[in-house]
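# Chains, contacts and geometry: an overview
If you want the building blocks of each chain, they are given just below.
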Amino acid sequence: MSKRLFALLSVAVLVFAACGSSKASPTAQPITLIMGEWQPAIQLNPFYTTSFGDFEAIQPVMRGFLTIDSAGNFVPDLATVVPSKANGGLVIDPGNTGMTVNVILKPNLKWSDGQPLTGEDFKYTVGWAQDSTQKGCTACAIGFTTTDASGKTINLIDNVTVSADGLSIAIHFNQLYASWLSFLTGPATILPEHYMKTFAIADAATKSMPVSAAAVKVPWSGPYMITAAAPTEIDYKPNPYWAGGVSGPHAPKVTNLKFQYFTDKDGMIAAFKNGEIDLAFDMTQADGKNVSSTDPTIGKAEITPSWQYEHFDINNVSSRAPFLNDVNVRKAIYESVDKQSIIDTVFPGAGVTPACSNVPPGLWYRTDVTCPTYNPAEAKTLLDAAKLPAGSDGNRTYNGKPIDLLLCTTSGNSTRLTELQKLQGYLQAVGIKSHIVTADGTAVVFASWADTANTPTTDCEMMRGNYDIVDYAYILGGSPYSDNDPAYDSTMWPENTATGNGGLNDTRFKSAAMDSALGILKTAVDQTDQMNAMVAVQQAYVAGLPEIPIYYRAETTGVGVHVGGWPGYNPSSIGPTWDVEDWFVK
């Protein structure tokens, strides 16, 4: 997953960060707080995207029952409390055959068009998500539906009961479901029934919540609503009916909010250092030195450990390189990579150590595992054994044809480009030729199955499998099942129509050991049982080698001096805009 792009500020708007004043004159325009990103949002319906940049833009306007705060805790958003066994919010069926989650909404919730937001909207959303005509709905496959042993989609929720006042919702799952808390969390939870009914479900991905002028017509559930949307910027104003939030209810404290998108990261950083934007997102620790040189009267850099890891995804069923299906070939590629050298190049002197597990330090379900080490001599032996001989020019062949792997990453990211250039050198050292292609993160690399329907053969589209190796960061949400099943379950290949093309297993990884471990994890409601199951998941991960984790990321954020109420960067996939209603301009 990932993030995003451009435009300069209108001179008609008075921006505090740019003018250097702590107060506006009585006749001035309302102050605008500007958030910067270097890749644009392209989808505002949270059910049809996995792009982190999209979710950054969505969080101000769409909320779920719960959210995750910057300390990694589940906290109420539209709901009154976090459900638990202790408060009656989680009730297990006799014989462990299923479970009921009870959600109580905050009173007086409304959509931004003034229509009541009730449990009936959620009940509609369940039926909408489970509809057989859904295509490319990634969120529909998480909590709303699941897959049976044959990979066929089946409903996971079989009943929703709503009280007469619309505030109490009883959600019955027909089996134990480990990620029920994550299911209640974030914007891909509840949709406005009165609005979504105006679209055929088959058209919802492209027409319901586009990044265009049509976004103004959408009834939003969050503290803000969109007043203008384009690839260059998204403008927000407070939702006058907002009655949710983690510290409220209270009206948003910032009158005008904006996402401004840049063509590349360097342009965004320059704008931040010049005081043209108030917050700069989507940067790694490699950017920390540059951002830290900002004039302290303008802003500062915050570098925060996050639940992310940078890695090389390996396409296990690549049509260009079918031999990547061989775990020993993947091991050879793994052993050809000097992770520490890559890290020392992109983060010189930072003391960052290589990653091994797909679970970053600090997450409660992490366990220690042993990974292959840098060993190019053994890598060559494994490649020879896999019948990938080196020719007279030193380059290896497959079935007599030269190998030339497609290495992909997001454009405008010099760190990732450097990482791929290093990888290219390591591959060449063991006789594997490759070439690098960069592409827009949101529109190509991280685009969903639905978003790529008209361009299914474009290089570097992960969901379509149009790559051999791709470099990006995976961002975890803190729930072991939701963090792992969509990415590694063999039924979750994106092309699987039985799941409505909602799977996220872009490596096309298939492992009996992984499927077995995930099957146990799926019904592990108790945290201890989840921890035990995750040991097997992580062991299957290092045995099957679907990807190569390089390092655990820390996120650099540029924070302007006029930003008040900033809680620190959120380490989870919920993103940095989870509590924008509490921010203010100093």
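Residues numbered from 1 in each chain as written. Predicted model: local features only at pLDDT ≥ 70, side-chain atom pairs only at ≥ 80, totals over all residues. Heavy atoms only, no water.

## A closer look at the sheet that holds strand S12 (residues 256-261)
Rule in force here: Paired strands, in this sense, are two strands between which DSSP finds at least two bridges. A run of DSSP states H or I qualifies as a helix once it reaches four residues; a run of E qualifies as a strand once it reaches two. Both are numbered from the N-terminal end. In this analysis an axis means a line fitted to C-alpha atoms, helices contributing only their contacting stretch, and an angle means the value between N-to-C directions, from 0 to 180 degrees.
Spatial strand order, S10-S11-S12-S1-S13-S20-S14-S19-S17-S18: 10 strands in an open sheet with mixed pairing. Only two strands of the sheet have a single partner each, and these edge strands are strand S10 (224-229) and strand S18 (433-439). With direction set aside, neighbouring strand axes in the sheet form an average angle of 25°.

## Looking at the side chain of serine 306
This is how it is decided: A simple rule labels every residue: compare its accessible area, found with a 1.4 Å probe on the protein chains alone, to the largest value its type can have, and call it buried under 20%, exposed over 50%, or partly exposed in between. By the convention used here, residues are in contact when the closest approach between their heavy atoms is within 4.5 Å.
By the secondary structure assignment, serine 306 is in strand S14 (residues 299-314). Residue serine 306 is classed as buried on the basis of its relative accessible area of 5%. Discounting chain neighbours no more than four positions away, the residues touching serine 306 are Pro360, Arg553, Ala554, Glu555, Tyr569 and Pro571.

## Considering the pairing of S12
Judged by how many residues are buried, S12 sits mostly within the fold: six of six residues are covered. Residues Asn256, Lys258 and Gln260 of S12 are buried on one face, and the alternating residues Leu257, Phe259 and Tyr261, pointing to the opposite face, are buried as well. Here strand S1 (residues 32-37) pairs with S12 via six bridges, running parallel. Of the residues in S12, the one forming a bridge with glycine 36 is glutamine 260.

## What about the nonpolar core?
If you look at soluble globular proteins, the nonpolar side chains tend to sit buried side by side. Heads up, the condition is: Joining through side-chain atoms within 4.5 Å is the link that ties buried Ala, Val, Leu, Ile, Met, Phe, Trp, Tyr and Cys residues into a set, and such a set is a nonpolar core.
Leu44, Phe47, Phe65, Phe122, Trp128, Ile234 and Tyr236 are the most contacted members of the largest nonpolar core, which has 139 residues in total. It is helix H16 (residues 527-544) that contributes the most residues to this core, six residues altogether.

## Description of H16
To keep things clear, this is the line we draw: What a helix is expected to span follows from its residue count: subtract one and scale by 1.5 Å.
Over its 18 residues, H16 runs 25 Å from end to end, which matches the ideal 26 Å to within 8%, given 1.5 Å per residue. Every buried residue of H16 is listed here: Gln530, Ala533, Met534, Val537, Gln538, Ala540, Tyr541, Val542 and Gly544. Each element contacted by the buried residues of H16 is listed here: S14, helix H9 (327-336), helix H14 (480-488), helix H15 (512-522) and strand S20 (547-560). Downstream of H16 by a residue or two, leucine 545 has a phi angle that is positive, lying close to 50°.

## A short note on the state of the cysteines
So the rule is basically this: Disulfides are defined as pairs of cysteine sulfur atoms found within 2.5 Å of each other.
As enumerated under the stated definition, the model contains three disulfides in all. Linked covalently through their sulfurs, cysteine 356 and cysteine 371 form a disulfide whose S-S length is 1.8 Å. Where cysteine 356 bonds to cysteine 371 through sulfur, the torsion about that S-S bond is close to 95°, and the disulfide is right-handed. Of this pair, cysteine 356 sits in the loop between helix H10 (339-346) and helix H11 (376-385) while cysteine 371 sits in the loop between H10 and H11, and the two are 15 residues apart along the sequence. Residue cysteine 356 is classed as buried on the basis of its relative accessible area, which comes to 18%. A sulfur-sulfur distance of 2.1 Å marks the disulfide that ties cysteine 408 to cysteine 460. Between cysteine 408 and cysteine 460, the disulfide has an S-S torsion of -80° and is therefore left-handed.

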